[in-house]
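Understanding the architecture of this molecule
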Amino acid sequence: MANKLLSEMGLPKSIAYIFSARNLITAKDVLSLTEFELMELLDVDLAVVASAVAHISEITCPPYQTALSLLEQRVQNERMAGHLPTCLKGLDNALCGGIPFGVVTELVGPAGIGKTQFCLKLSLLASLPLSYGGLDGSVIYIDTESKFSSRRMIEMGYNSFPEAFHAEGMAQEMAGRILVLRPTSLSEFTDSLQKIRVSLFQHGVKLLIIDSMAALLAGEGVQGPQRQHSLGWHISFIKSVAEFSRIPVVVTNQVRSQSRDETSHYSFQELSRVDRSEASTNLDSHLVAALGIHWAHAVSIRLVFESRSGQRFIKLAKSPLSPPLAFPFNITSSGISLLNDDGVEMPGPEIHTIHCQGHSSIITVGSEMMH
């Protein structure tokens, strides 16, 4: 709006002519000067200048909005954008419908906790026909650690949607909709991202999964400023893909140990003095997300997967609309299953910490090993 032409603002002809004669063409040209500077430049009275500036400001500046109207607008935009339901009732309710379109959702947690299981189920749900609650589309699955298992995904399908998957040819059709890419280096991954933009509409892609981003950077040995620069470019590109295509984008992140003298405090975490004291005495028992603070600020939704005393939890650690909730879960032949749909509200730093206590890194369901 600052570049809006003064000639289009309905100013009195007398002052509009003076602005033009002094080469003040846009609203920005006028509003960049003080009223006294304009008086001197235009050689007119203060009252004339003040009236013109007020008129230009009213047209140029956006109208005031209440917090309620902004919230209602945000909710409406979310509904219009759509969601991919996870079929986990409590989590879908907390996320206002599921994994949102048009933004990046991050899954972070230790190896073997269930992140890939979650991604496989999302792939299945995105490719299912609309009549079964799916998106009836294709999925691009960037599998950097060779963990994708079509056998496991089809097992989930048979156990979650038996009517659909016992139909002749349905399993093959669903598997054929998942486009798996396995880049072995950061450069190959970058090339894959460049090609994805073209593929999105050609293949009717409804979901993009990157499992995992951290593994690629670890394999390259990228550290320090170079790591942050590379991350900056990749997250910007990934976010642009989400926004441009209006599809859900899900990225998994690994964890690393946190040293005693290191903090994992992000600006979206509010720590009291007591919380900071407690956190500082227990840092050696916590894990932190591997990709660091810049990545954490870039994602819109963060789901933390953790294990405490042998019980697994999904924690809704970051969301613009959802409360900080933790859901206990198990992994079954159908995929992830919540033990209750209510969740436990978990304010403070605990929602952001990542525990890994008392679970195996590999679990078995049927004959399939799952990570």
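Preceding block: the structure.
Residues numbered from 1 in each chain as written. Predicted model: local features only at pLDDT ≥ 70, side-chain atom pairs only at ≥ 80, totals over all residues. Heavy atoms only, no water.

A look at the pairing of strand 3 (residues 104-108)
The following threshold applies: Relative accessible area decides the class of each residue, using a 1.4 Å probe on protein chains only: under 20% of the type maximum gives buried, over 50% gives exposed, and in between gives partly exposed. Numbered from the N terminus, helices here are DSSP runs of H or I no shorter than four residues, and strands are runs of E no shorter than two. Pairing between strands is defined by DSSP: at least two bridges between the two strands are required.
Strand 3 sits mainly inside the fold: 5 of its 5 residues count as buried. Neither face of strand 3 is left uncovered, since the one carrying Val 104, Glu 106 and Val 108 and the one carrying Thr 105 and Leu 107 both have all their residues buried. Where strand 3 meets strand 7 (residues 249-253), 5 bridges bridge the pair, whose relative direction is parallel. Note that in strand 7 the partner of Glu 106 across the bridge is Val 251. Relative to strand 10 (residues 301-308), strand 3 runs parallel, the two being bridged by 4 bridges. Bridge pairing in strand 10 links Val 108 to Val 304.

Some remarks on the nonpolar core
Selection rule: Among the buried residues, those of types Ala, Val, Leu, Ile, Met, Phe, Trp, Tyr and Cys that are joined through side-chain atoms within 4.5 Å form a nonpolar core.
Ranked by internal contacts, the top residues of the largest apolar core, which has 45 residues, are Leu 84, Phe 118, Leu 303, Phe 305 and Ile 314. Among the elements that line this core, the one with the most residues is helix 7 (residues 115-127), at 7 residues. Judged by nonpolar contacts, the second largest core, of 29 residues, contains Leu 186, Val 205, Ile 238 and Ala 290.

Some points on the pattern of salt bridges
Let me state the cut-off plainly: Salt bridges are defined by distance alone: a side-chain nitrogen of Lys or Arg within 4 Å of a carboxyl oxygen of Asp or Glu.
With the rule as written, the count across this model stands at 9 salt bridges. Notably, a salt bridge pairs Glu 145 with Lys 147, separated by 3.9 Å at the nearest N-O pair. Judged by relative accessible area, Glu 145 falls into the partly exposed class, the value being 28%. With a relative accessible area of 24%, Lys 147 lands in the partly exposed category. Of the charged contacts in the structure, one is a salt bridge between Arg 152 and Glu 155, with a shortest N-O distance of 3.1 Å. Taken together, the residues Arg 152 and Glu 155, both in helix 8 (residues 150-160) and 3 residues apart, mark about one turn of the helix. Comparing Arg 152 with Glu 155, the two get one shared label, buried. Through salt bridges with shared partners, one network takes in Asp 136, Glu 173 and Arg 177.

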